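Chains, contacts and geometry: an overview
Next come the chains, spelled out residue by residue.
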Amino acid sequence: LCLQVPELEKATVRIRQPERVRGIIRSLREQGMAKLQVISDFDMTLSRFGCNGRRCPTSHNILDTSRVISEDGKKKLKDLLHYYYPIEIDPNRTLEEKRPLMVEWWTKAHELLVQQKIHKDDIAQIVRESEAMLRDGFKEFFDQLHKNNIPLFIFSAGVGDILEEIIRQANVFYSNVNVVSNYMDFNDDGVLTHFKGPLIHTYNKNNSVLQGTGYFQQLSTRTSIILLGDSMGDLTMADGVPSVENILKIGFLNDKVEERRGKYLESYDIVLESDETLDVVNGILRYILTE
């Protein structure tokens, strides 16, 4: 398969069951593009984790550190991050323990943001001034999917308004892109008053949030899935799809690589370690989509 997808030879690639992965990729190709859909996380999956040794911001970070947040607000948001982020990535805590704490974190953060009276008109500028970056190869990724009418479903626990703006400014917000995320609600004066429900955090990205969106029902014929994520919470993103025939799970292991490698290799079919590109994903798509 490396002949057809040479990107799998990259040093960043780890695969625990190569034979099984080969089989899935072949099946995806045999089923063809009419059956394919891509379900992806956004922050640190489609967007970069780091650049030149510095961390890149998530959609929440972009807002939290922007000029529209007061110094006091910034401090409080940072304190929340320092308290809850270690819990989010702690390999020794169960999901049952983590879930209520994530709800607590997101709820507090959203309340703090609402207090800042953020203006809708400022969002484009906030994104423009930020250091947000999509992964290298993003243009080919979005273009390939768009050209072949393959739905790209972005499922994000971030801030929908911000991530949509990032994609828009990169000129790849095509008609096949559908986003489910935490969206802000503005009043008639364009001031943020609250976040629309349901709340999406790292560990509830699954069917429970999607019931009633009608999106997955629309795609019931799309039984081949490529799933892209960077956390354990992303593994459930396809749980709402009615009948999955083939699913290839690709995980970006961005941080604490040694410590988390084992868990990622058990959970994802392909693990990309400290890889800031979409090369492997693009290579697999090229192989599946070429006649």
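Computed from a predicted model, the values in this text were never measured in an experiment.

1. Things to note about the state of the cysteines
Considering all chains together, one arrives at zero disulfides under this definition. Cys-51 takes part in no disulfide bond, and the closest cysteine sulfur, belonging to Cys-56, lies 5.4 Å away.

2. As for the domain arrangement of the protein
According to the domain assignment, the protein contains domain 1 (6–51 + 133–289) and domain 2 (54–129). Computed over C-alpha atoms only, the centres of domain 1 and domain 2 are separated by 21 Å. In this assembly, 36 residues from domain 1 lie in contact with 31 residues from domain 2. For the pairing of domain 1 and domain 2, the buried interface totals around 3,000 Å² over both sides, and the portion due to carbon and sulfur atoms is 68%. Across the domain 1-domain 2 interface, the total number found is zero salt bridges. Of all the secondary-structure elements, those providing two or more residues to the side of domain 1 that touches domain 2 are β3 (50–51), β5 (152–159), α7 (160–169), β7 (184–186), β8 (192–195) and α10 (257–267). Broken down by element, the side of domain 1 that touches domain 2 gets its largest block of residues, six residues, from α7. Across the side of domain 1 that touches domain 2, the residue classes tally to 17 nonpolar, nine polar and 10 charged.

3. Section: the pairing of strand β9 (residues 224–229)
Side-chain direction in a regular strand flips from residue to residue, so the side chains alternate between the two faces of the sheet. Within β9, six of the six residues are buried, leaving the element largely enclosed by the surrounding structure. What you see with β9 is no split at all: Ser-224, Ile-226 and Leu-228 on one side and Ile-225, Leu-227 and Gly-229 on the other are buried throughout. By the bridge criterion, six bridges tie β9 to strand β10 (residues 246–253) in an arrangement that is parallel. Across the sheet, residue Leu-227 finds its bridge partner in β10, namely Lys-249.

4. Comments concerning the packing of helix α6 (residues 138–147) against helix α11 (residues 279–289)
At a minimum axis distance of 10 Å, the contact between α6 and α11 shows a crossing angle of 25°. When the interaxial angle is binned, α6 and α11 end up roughly parallel. Crossing handedness for the pair α6 and α11: left-handed. Residues Glu-140, Phe-141, Gln-144 and Leu-145 of α6 touch α11, and the partners they reach there are Val-281, Asn-282, Leu-285, Arg-286 and Leu-289. When the residues that make up the contact of α6 with α11 are grouped by side-chain class, the tally is five nonpolar, two polar and two charged.

About the cut-offs
Residues numbered from 1 in each chain as written. Predicted model: local features only at pLDDT ≥ 70, side-chain atom pairs only at ≥ 80, totals over all residues. Heavy atoms only, no water. Disulfide = S-S within 2.5 Å. Domains from an automatic or database assignment. Contact = heavy atoms within 4.5 Å. Buried area = accessible area lost by both parts, 1.4 Å probe. Salt bridge = Lys/Arg side-chain N within 4 Å of Asp/Glu carboxyl O. Helix = DSSP H or I, 4+ residues; strand = E, 2+ residues; numbered from the N terminus. Nonpolar A, V, L, I, M, F, W, Y, C, P; charged D, E, K, R; others polar. Buried < 20%, exposed > 50% of the residue type's maximum accessible area, 1.4 Å probe, protein only. Pairing = 2+ DSSP bridges. Axes fitted to C-alpha atoms, helices over the stretch in contact; angles between N-to-C directions. Parallel < 35°, antiparallel > 145°, perpendicular 65-115°, else oblique. Left-handed = near helix turned anticlockwise from the far one by under 90°.

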